[in-house]
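# Coordinate analysis (summary)
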Amino acid sequence: MSEVINEAVKVLGEKMSGVDIGGTVKFDIEGEGCVMVDDSGARAGDEEADVTLSADPETFQGMMDGETNPTSAFMTGKLKVDGDMGMAMKLASALA
């Protein structure tokens, strides 16, 4: 497993702690792998999800650092969303 995925699992676990997602989210980091997030936490994996967020490693890292606003990344095409848009919006507010 890549260092990027290991770090993503750690950071997403911290950011999403206590957030009621109400489903399953997949972060697909181009060229690195996927991270699954649900109400039980974050883990490496590539499974079916209610919503999939896809981004390159730089955009993803910016969102984790707080330097990139997820909504702005989506509007500029750097973040792609496939699935439940309401869940994606709830997630964006938790990450911002």
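Going by the structure above, here's the rest.
These lines cover the structure that appears in this document, whether it is placed above or below. (Residues numbered from 1 in each chain as written. Predicted model: local features only at pLDDT ≥ 70, side-chain atom pairs only at ≥ 80, totals over all residues. Heavy atoms only, no water.)

### Structural notes on the environment of Met-87
As a reminder of what qualifies: Each helix is a run of H or I in the DSSP string that is no shorter than four residues. Each strand is a run of E no shorter than two, and both are numbered from the N terminus. Each residue's exposure class comes from its accessible area (1.4 Å probe, protein chains only) as a fraction of the maximum for that residue type: buried when under 20%, exposed when over 50%, partly exposed otherwise. Note on contacts: a residue pair qualifies if any of its non-hydrogen atoms lie within 4.5 Å across the two residues.
Following the sequence through the fold, Met-87 ends up in helix α4 (residues 85-95). What makes Met-87 buried here is its relative accessible area of 7%. In the structure, Met-87 is positioned 36 residues away from Val-51 in sequence and 7.1 Å away in space, judged by C-alpha atoms. Contacts of Met-87, omitting those with residues within four sequence positions, involve Ile-21, Gly-22, Gly-23, Thr-24, Val-25, Asp-50 and Val-51.

### A look at empty space enclosed by the protein
Where we set the bar: Both cavities and pockets are sets of points on a 1 Å grid over the protein atoms alone; in a cavity a 1.4 Å probe fits but cannot get out, in a pocket the set is open with protein on both sides within 12 Å along at least five of seven lines, and lining residues sit with an atom within 4 Å of a point. Grid points are joined across faces, edges and corners, and a volume is the space filled by probe spheres set on the points.
With the rule as written, the count across this model stands at one cavity of 30 Å³ or more. Looking at the largest cavity, the residues that line it are Val-4, Glu-7, Ala-8, Val-11, Phe-60, Gln-61 and Met-64. Residue assignment for the lining of the largest cavity shows that the elements contributing at least two residues are α1 (3-16) and α2 (57-65). Considering each element in turn, the lining of the largest cavity owes the most residues, four residues, to α1.

### Structural notes on the pairing of strand β3 (residues 41-44)
Keep this limit in mind: DSSP-based pairing: two strands are paired if at least 2 bridges between them are found.
Sheet topology note: the strand β2 (residues 33-38)/β3 ladder contains four bridges and is antiparallel. Along β3, the bridge assignment pairs Met-36 with Arg-43. Two successive antiparallel strands, β2 and β3, enclose a turn made up of two residues.

### A few points about a negative patch on the surface
We apply this condition: Here, patches come from residues exposed beyond 30% relative accessible area and free of salt bridges, joined within 9 Å for like charges and within 5 Å for nonpolar side chains (Val, Leu, Ile, Met, Phe, Trp, Tyr). Using a 1.4 Å probe, the Shrake-Rupley method yields the accessible areas, and only the shown protein chains count as cover for residues. A pair is scored as a salt bridge if a Lys or Arg side-chain nitrogen falls within 4 Å of a carboxyl oxygen belonging to Asp or Glu. A residue counts as positive if it is Lys or Arg and as negative if it is Asp or Glu; His and the chain ends are not included. Lysine's charge is taken at NZ, arginine's at CZ, aspartate's at CG and glutamate's at CD.
Together, Glu-3, Glu-7, Glu-14, Asp-65 and Glu-67 make up a negatively charged patch on the protein surface. Residue contributions to the negative patch peak at three residues, all from α1. As for its placement among the helices and strands, Asp-65 is situated in helix α2. On the accessibility criterion, Asp-65 (45% relative accessible area) is partly exposed.

### Some points on a nonpolar patch on the surface
Among the surface-exposed residues, Phe-74, Met-75, Met-85 and Met-89 lie close enough to one another that they form a single nonpolar patch of about 410 Å² accessible area. Only α3 (70-75) and α4 provide two or more residues apiece to the nonpolar patch. Considering the arrangement of structural elements, one finds Met-85 in helix α4. Look at Met-85 and you get partly exposed, because its relative accessible area is 36%.

### Concerning the sheet that holds strand β1 (residues 25-29)
Put simply, the test is: Geometry is summarised by axes, namely lines fitted to C-alpha atoms with helices restricted to the contacting stretch, and by angles between N-to-C directions that run from 0 to 180 degrees.
The strand order across the open sheet formed by five strands is β3-β2-β1-β4-β5, and the pairing between neighbours is mixed. On the outer flanks of this sheet lie β3 and β5 (79-83), each paired with one strand and no other. Adjacent strand axes in the sheet meet at a mean angle of 20° when their direction is disregarded. Of the strand pairs in this sheet, β1 and strand β4 (residues 51-55) are connected by five bridges, and their pairing is parallel. Residue Lys-26 lies in a different strand from β4, and its bridge partner there is Thr-52. Where α1 meets the sheet, its contacts fall on β1, β2 and β3, and the angle it forms with β2 comes to roughly 15°.

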